[in-house]
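Reading the structure
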Amino acid sequence: MIDDHVHPFPLEAAPFDPADLTLDVAAEPDGRRADAPWRVTVELLAGRLARLLGCDSEELPSARDKAARDWTAYTRRLLDDAEVDGMVMDPAWHRESAGSVSAYADLAGRPVWELQRLEPVVDEAIEAGAGAAEILAAVDQAMSDAAGRGCVGFKTVLAYRTGLAVDPGAELAAAERSLDSTGPVRRRGKALRDLVLRRTLGRCAELSLPIQVHTGFGDSDIAPRNADPLLLDDVLRTPEGQAATVVLIHGSWPWHDAVGYLASVHRNVWAEFSLVQLFSPATTADRLLRLLDVAPTNRLTLGSDGHGSVESIWYGCILLREAWTRVRADLAALGARPSWLADVQRAIFDDNARRLYALPQESAGDPFRDR
């Protein structure tokens, strides 16, 4: 499969604690995650990894450390087990420098393609006291540079900043005034950020590159009311919004139906399913079915949103595979033809991502090889 949403993971052997898989950015004073033993996903991640390594859960720390002594072999073992053929990476989440994905490809032994996140450009310019016109120019230059070095798309986390209720009529004068606001940089400049998004959509169309838009839940510092994908409908109906290829990511939990609807009524809008399974593993199949029930299957991609550890990428991908097995059975029971289901399987696990990001067409056929 093509994992269309990952973040950096250690390039050298590093400790691993299943409890680090959390949406809460604030740990206990001593660094512990006191609620970790009570969370289903922590229990399942530890149990599944122990099964892969052939040990009991109690023996997992030592067995994992032993397996990870050869870090390259261990990383590739996990990715091979999840049948990951390539990854689309947003390195900016870990403050990695532009063009850094080659190191991850070398370690993983498979292609890693880069996304350019836009918010670091905007945030740094606001922090430096730049004006609205300067910030727009900086974003435009960053996008040109990214396209020049081979980035396969862009990403915005506007939901983490001033929210997805974008004013499509925002103009330069209002953008300039919005920079006079006070408070944290990430919450400043709403009109400026709204204008940046609309300009960015137009630039994406010119560069023929898609843009991922964070929707739905995220880390504990997001304001969920500002992350509803339906808030984007007005900007999606602008000329720029209709021209760009827009990918609404993370299944927009808890708005699965909404993101499916937007993909069904806007031919340039794609739905992406990631992150959800990491934190709601027991109901992943139900959520995937709700999305597939509405969104066109030829405009749906899948990703782990693995971050911080290679184990999270592995875990996210195997959960997707198991979820699809259940969904496929449900759809077959409802009357879907085997040939159609086979086409959908190839599409959502591989072919759609290759088409969306213009990746090499090297599909290995059935994404569930040997299973």
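Criteria and thresholds
- Residues numbered from 1 in each chain as written.
- Predicted model: local features only at pLDDT ≥ 70, side-chain atom pairs only at ≥ 80, totals over all residues.
- Heavy atoms only, no water.
- Helix = DSSP H or I, 4+ residues; strand = E, 2+ residues; numbered from the N terminus.
- Rg over C-alpha atoms; globule rule 2.2 N^0.38 Å.
- Buried < 20%, exposed > 50% of the residue type's maximum accessible area, 1.4 Å probe, protein only.
- Areas by Shrake-Rupley, 256 points an atom, 1.4 Å probe, with all protein chains shown as cover.
- Pairing = 2+ DSSP bridges.
- 1 Å grid on protein atoms, 1.4 Å probe; cavity = no way out; pocket = protein on both sides within 12 Å on 5 of 7 lines; lining within 4 Å.
- Points joined across faces, edges and corners; volume = space filled by probe spheres on them.
- Core = buried A, V, L, I, M, F, W, Y, C linked by side-chain atoms within 4.5 Å.
- Contact = heavy atoms within 4.5 Å.

Time to look at the overall build of the chain. The helix and strand inventory of the chain stands at 15 helices and eight strands. Over its C-alpha atoms the chain spans a radius of gyration of 20 Å, differing by no more than 12% from the 21 Å that the globule rule assigns to 371 residues. Overall size of the chain, expressed as C-alpha extent along the three principal axes, is 60 × 55 × 35 Å. Split into buried and exposed, the 371 residues of the chain put 56% on the buried side. Accessible surface for the chain amounts to roughly 15,700 Å². Of this, 50% is attributable to carbon and sulfur atoms.

Here we take up the pairing of strand 4 (residues 153–156). Alternating positions in strand 4 separate into two faces, Gly153 and Lys155 on one and Phe154 and Thr156 on the other, with burial throughout. One ladder, built from three bridges, connects strand 3 (residues 112–117) with strand 4; its direction is parallel. The residue bridging Gln116 from the neighbouring strand is Phe154, located in strand 4. When strand 4 meets strand 5 (residues 211–214), the two strands line up parallel, connected through three bridges. In the sheet register, Thr156 faces strand 5, and the bridge partner there is Val213.

Counted under the stated rule, the structure contains two cavities of 30 Å³ or more. The computed volume of the largest cavity comes to approximately 70 Å³. Those elements giving two or more residues to the lining of the largest cavity turn out to be helix 5 (119–127) and helix 8 (190–207). Top contributing element to the lining of the largest cavity by residue count: helix 8, with four residues.

This part covers the nonpolar core. The nonpolar side chains of a soluble globular protein tend to be buried, and buried together. In terms of nonpolar packing, the biggest core is built from 104 residues, with Met87, Ile135, Leu232, Val246, Leu288 and Trp324 touching the most fellow members. The leading source of residues in this core is helix 14 (residues 310–334), at 12 residues. Residues in contact with Val246, not counting those within four places in the same chain, are Leu201, Ile211, Val213, Leu236, Gly241, Asn268, Val269 and Trp270. Core analysis: the next-biggest nonpolar cluster, separate from the first, contains 12 residues, Val88, Trp270, Leu356 and Leu359 among them.

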